[in-house]
Amino acid sequence: MARVKINFPETAPLFYNKIPVRITDINYGNHLGNDALLSIIHEARMQMLHFYGYTELDIDGIGLIMADVMIAYKNEAFYGDVLEISIYTDEVTERSFDLLYKINLLREGRAIDIAHAKTGMICFDYGNRKISAVNKALKQILKPVEN
């Protein structure tokens with residue numbers, strides 16, 4: 001079986017945040033559920049946009065739609081763990097871009113790789129209900145940060 005592989009750029013992350021694993025994120029296997037991880041990366045993306053003064057519905061007049069998602073699970077996370085999420089950008093085109101998420105945590109003094117994820121995002125004009133171009137404000141947010 002071919003495994004999902006996400007390659008991260010050599011640049012610094014666009015944004016970094018920490019999100020704790022809540023009891024509602026735990027599944028019957030007593031670890032972080034796959035559906036909860038998708039919600040957590042959504043929260044991380046929302047926090048990044050909020051940091052810049054925007055929402056997914058309004059980035060200087062355009063919104064975002066998630067077109068696809070890939071998640072590669074690496075290790076378990078449990079209730080009380082604090083996930084460290086680094087967000088990168090990749091494949092910026094005229095109307096879309098990818099966000100890459102590296103999800104880690106520190107446990108007993110060592111870094112543990114929990115998951116890697118990619119969301120394909122499309123710019124969308126909700127007023128006219130059609131795909132739109134990446135605008136200047138979004139280009140500034142997505143600009144890679146050199147190490």
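To keep things clear, this report deals only with the structure shown in the data block. (Residues numbered from 1 in each chain as written. Predicted model: local features only at pLDDT ≥ 70, side-chain atom pairs only at ≥ 80, totals over all residues. Heavy atoms only, no water.)

Before going further, it helps to spend a moment on the overall build of the protein. Looking only at helices and strands, one finds 2 helices and 6 strands in the protein. Computed over its C-alpha atoms, the radius of gyration of the protein comes to 16 Å, within 12% of the 15 Å expected for a compact globule of 147 residues. Put simply, the protein has 147 residues, and 44% of those count as buried. Restricting the contact set of the protein to residue pairs at least 6 apart, pairs at least 24 apart contribute 69%. Between the averaged position of the 16 positive side-chain charges in the protein and that of its 19 negative side-chain charges there is a distance of 3 Å. (Helix = DSSP H or I, 4+ residues; strand = E, 2+ residues; numbered from the N terminus. Rg over C-alpha atoms; globule rule 2.2 N^0.38 Å. Buried < 20%, exposed > 50% of the residue type's maximum accessible area, 1.4 Å probe, protein only. Contact = heavy atoms within 4.5 Å. Lys, Arg positive; Asp, Glu negative; His and termini not counted. Charge placed at Lys NZ, Arg CZ, Asp CG, Glu CD.)

Turning next to the pairing of strand β1 (residues 15-20). Burial of the side chains of β1 is restricted to one face: Phe15, Asn17 and Ile19 are buried, whereas none of Tyr16, Lys18 and Pro20 on the reverse face is. For β1 and strand β3 (residues 82-90), the ladder comprises 6 bridges, and the chain directions are antiparallel. Residue pairing across strands places Pro20 opposite Val82, the latter belonging to β3. (Pairing = 2+ DSSP bridges.)

Spanning 18 residues, helix α1 (residues 34-51) covers 26 Å between terminal C-alpha atoms, matching the ideal 26 Å at 1.5 Å per step. At its buried positions, α1 is contacted by β1, β2 (63-73), β3, β4 (96-107), β5 (110-125) and α2 (136-142). In the stretch just after α1, Gly53 is the one whose phi turns positive, near 90°. (Expected span 1.5 Å × (residues − 1).)

This part takes up the pattern of salt bridges. Going through the model one piece at a time under the given rule, you end up with 7 salt bridges. Several salt bridges share partner residues, and in doing so they unite Asp68, Asp98 and Lys118 into one network. (Salt bridge = Lys/Arg side-chain N within 4 Å of Asp/Glu carboxyl O.)

As a further point, take the nonpolar core. Core analysis: the largest hydrophobic core is formed by 38 residues, its most contacted members being Leu83, Ile85, Leu99, Ile103 and Leu138. When residues of this core are traced back to their parent elements, those giving at least two are β1, α1, β2, β3, β4, β5 and α2. Of the residues forming this core, the biggest block, 7 residues, is contributed by α1. Other than its neighbours up to four places away in sequence, Ile103 contacts Ile41, Leu83, Glu84, Ile85, Ile112, Asp113, Ile114, Ala115 and Ala117. (Core = buried A, V, L, I, M, F, W, Y, C linked by side-chain atoms within 4.5 Å.)

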